[in-house]
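Report on the structure
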Amino acid sequence: MANDQEKDRKNSQEEPGKKPKESSSPSPIWLLLLLLVGGIAAYYFLHFEGETMLYSEFKTALRQGKIQRVFIGESAITGELKRTNEKKEPIRFTTPKINDPQLLQELEAQQIQYSGKDGHSWIANFVTWGLILLIGVMILLLLFRWVGPGSSVMAFGKSRARFYEEDEIKISFNDVAGIDEAKEELMEIIEFLKKPEKFTSLGGKIPKGALLVGPPGTGKTLLAKAVAGEAGVPFLSISGSAFVELFVGVGASRVRDLFSQAESKAPCIIFIDELDALGKSRGMGAMGGHDEREQTLNQLLVEMDGFDSRHGVIIMAATNRPEILDQALLRPGRFDRQIFVDRPDILGREQILEVHAKDVKLAEGVDMKTIAARTPGFVGADLANVINEAALLAARRDKQAVDMSDMEEAIDRVVAGLEKKSRVMTKKEKEITAYHEAGHALAATFLPNATPVHKVSIIPRGFALGITMFLPTEERYVMTKSELLDRIGSMLGGRIAEELIFQEITNGARDDLMRATDIARMMVKEYGMSDTLGLVTFESNYSSFLEGYGYNDAQHSDQTAYQIDVEVKRIMDETYVRVRVILQEHLDLLNALAQVLLEKEVIEREEFDQIIGKTTSSALLET
Ligand code: ADP
Ligand code: MG
Ligand code: ZN
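As the structure is a prediction and not an experimental result, all values here were calculated from the model.

Comments concerning the coordination of the zinc ion (ligand 3)
For the zinc ion (ligand 3), the full set of protein donor atoms is His436 (NE2), His440 (NE2) and Asp512 (OD), and the range of their distances to it is 1.9 to 2.1 Å. One chain supplies every donor to the zinc ion (ligand 3), and in sequence these donors are spaced H-x3-H-x71-D. Separated by 72 residues along the polypeptide, His440 in helix 16 (residues 427-446) and Asp512 in helix 18 (residues 510-525) bring together distant segments of the chain.

Shown next as structure tokens:
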């Protein structure tokens, strides 16, 4: 909702109670004018040498005795003509100097006063130096304005947080749809902000910080504002990049300022958007260590440790690149709560569409469910974009209301935009992808312990060319060894199908292979599911944050490492053979599935079961 952002920007103040900064510093336009006047003056003084004469004219005048006096300069000769009338000012002239050895003799002969001259008059020098000084001052002033918020050097260290009073935020949880789990997790924080005393009197421990993690456009920023809106507390919002400055120490003092501001406003929320700009793992700077950023990050860590959340300040942050964050930020007592804001599912998309359609006049027959079904992979921002595009299209066509055809076209446009960002498939790629996904689906169907297929699609999403979704969609926490093996099998299905049909393999299975290998490795190293290595866990301590990131160094010998590798390879190889046999047996089904995919791009579960001629997959779900 671009409108809201506009409104927020207007309402916000840098520092309540302070003069607007514009009045305290000379505006660049004023300076420019001054410069112009100075320039003209300088030009006038430098060039007021009178009329320009040809050298020959000068010589003629000399011989005719019309010249009063002459100044011989480096490159020009200036002088005065004799007055024709006593009252008049002498007429000045200038002429270029040429090599004329006779000139001095002639001047002597005519008894004309002459002298040398060094460059410019003192006044011209004065103006020139004044001008240089002026330009310097102006550049400095512009630099200050660009670097700092205020007009003076003292304001550098002030945080550039945008401050919203408690009644300024009109965003509530009703404006955020489709991410109910994240909302639920934030409820506790809202409760606390509403009544901090209630919690503290019981001695309960309050989370200091909540980190919203998720892909761009899923509504993290929106959610943070909604928390402030729901709790009715002030909201201090700042982007992580605002801390990263040219001058060492500025960022750190901004952090200090931010926290002291927050403390005076408590209960309130500090929100650091795009935390990764500031919180990049230390020593990761590409340009040879960024001391300034490190200092700023350290200051943030110090401030987070130093203050007591019982005062009623909650720090929220958002990032879409959690993997590059400095681990220190995620320790207990800092951003100890991570909330995952994922892409919405079909129901979520429907709800988000409904939120954004509230302000749009819809024609009969516009069905959000259908639109939601057509927009897999879209995030909240994309969906808001669809509604907006549709409204624009309808307006351009002079319609009274937005109808389904506008919506359809809007989806196509947004998809085209997204495709540009990722890539568009060629026909050959599409064919390979169809077989690849069909391979996943078939493997999952005929492996006894694999999760049944929910949907197969070859519509590209992000970098993935296709996707096969399984039921149930939520992650399961307890899985048996045979289930894990069959999951590896389903992942290998795509690659094996490519091999069987095209007698060639592509790099498209990289992600599958990586994930399959990960599972195999975890079975061996962590779950104690390998017969040769037995009941041992070789992982000591891995960060529970976003599974898969931040493993510690392995705690085992090289010998064991070798054994682990052998075991992982054995699991992969055996599963590979098993799945290859299955797919070979069902080549006809593989072809049939791929053909339907090429035609329709998506196969939903019912149709999938029909093609397989099998009704057991729904029964499997029950068990
Ligand atoms: P992020 O911070 O995760 O990149 P934003 O919060 O900036 O995403 O979302 C951009 C816009 O997309 C929001 O202003 C809102 O209009 C829309 N949007 C995103 N997610 C949702 C959602 N879950 N519900 C409603 N609108 C959403
Ligand atoms: Mg954002
Ligand atoms: Zn795959």
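Observations concerning the environment of Ile352
Among the structural elements, Ile352 can be located in helix 12 (residues 346-357). Residues Ile352 and Val379, spaced 27 residues apart in sequence, show a C-alpha to C-alpha distance of 9.2 Å. Excluding anything up to four places from it in sequence, Ile352 contacts Ala177, Gly178, Pro344, Gly380 and Leu383.

Examining the pattern of salt bridges
Counted by the stated rule, this structure contains 21 salt bridges. As a salt-bridge pair, Lys399 and Asp403 come within 3.2 Å of each other at their nearest N and O atoms. In this structure, a network of salt bridges that share partners links the residues Glu389, Arg397, Lys399, Asp403, Asp406, Glu409 and Arg413.

Some remarks on the sheet that holds strand 5 (residues 113-116)
Judged by pairing direction, the sheet is mixed, and its 5 strands sit side by side in the order 1-4-3-2-5 without closing on themselves. Looking along the sheet, the strands with just one partner apiece sit at the ends: strand 1 (51-52) and strand 5. In terms of strand pairing, strand 3 (residues 76-81) meets strand 4 (residues 92-96) through 5 bridges, oriented antiparallel. Residue pairing in the sheet places Glu80 in a bridge with Arg92 of strand 4. Contacting strand 2 (67-72), strand 3 and strand 5, helix 4 (residues 103-110) crosses the sheet at an angle of about 150° to strand 2.

A few points about unusual backbone geometry
The phi torsion of most residues other than glycine is negative, and most of the peptide bonds are trans. Phi angles above zero are rare outside glycine, and Gln111 is one such case at about 60°. A residue is classified by how much of its surface remains accessible, and Gln111, at 70% relative accessible area, is exposed. One non-glycine residue, Asp398, adopts positive backbone phi at about 55°. Here Asp398 is to be found in the loop between helix 14 (380-396) and helix 15 (404-421).

Points about the sheet that holds strand 10 (residues 313-319)
Strand order in the open sheet formed by 6 strands is 6-8-9-10-7-11, with mixed pairing between adjacent strands. One side of each edge strand has no neighbouring strand; the edge strands of this open sheet are strand 6 (162-164) and strand 11 (337-340). Across the sheet, the mean angle from the axis of one strand to that of its neighbour is 20°, orientation sign disregarded. Contacts from helix 6 (residues 180-194) reach strand 7 (209-213), strand 9 (268-273), strand 10 and strand 11 within the one sheet, and its direction differs from that of strand 11 by about 140°. Strand contacts of helix 8 (residues 220-231): strand 6, strand 7, strand 8 (235-239), strand 9 and strand 10, with the helix running at about 170° to strand 9, the strand carrying the most contacts.

What counts and how
- Residues numbered from 1 in each chain as written.
- Chains lettered and ligands numbered in written order.
- Predicted model: local features only at pLDDT ≥ 70, side-chain atom pairs only at ≥ 80, totals over all residues.
- Heavy atoms only, no water.
- Donors = N, O, S within 2.8 Å, 3.2 Å for Na, K, Ca; no water.
- Helix = DSSP H or I, 4+ residues; strand = E, 2+ residues; numbered from the N terminus.
- Contact = heavy atoms within 4.5 Å.
- Salt bridge = Lys/Arg side-chain N within 4 Å of Asp/Glu carboxyl O.
- Pairing = 2+ DSSP bridges.
- Axes fitted to C-alpha atoms, helices over the stretch in contact; angles between N-to-C directions.
- Buried < 20%, exposed > 50% of the residue type's maximum accessible area, 1.4 Å probe, protein only.

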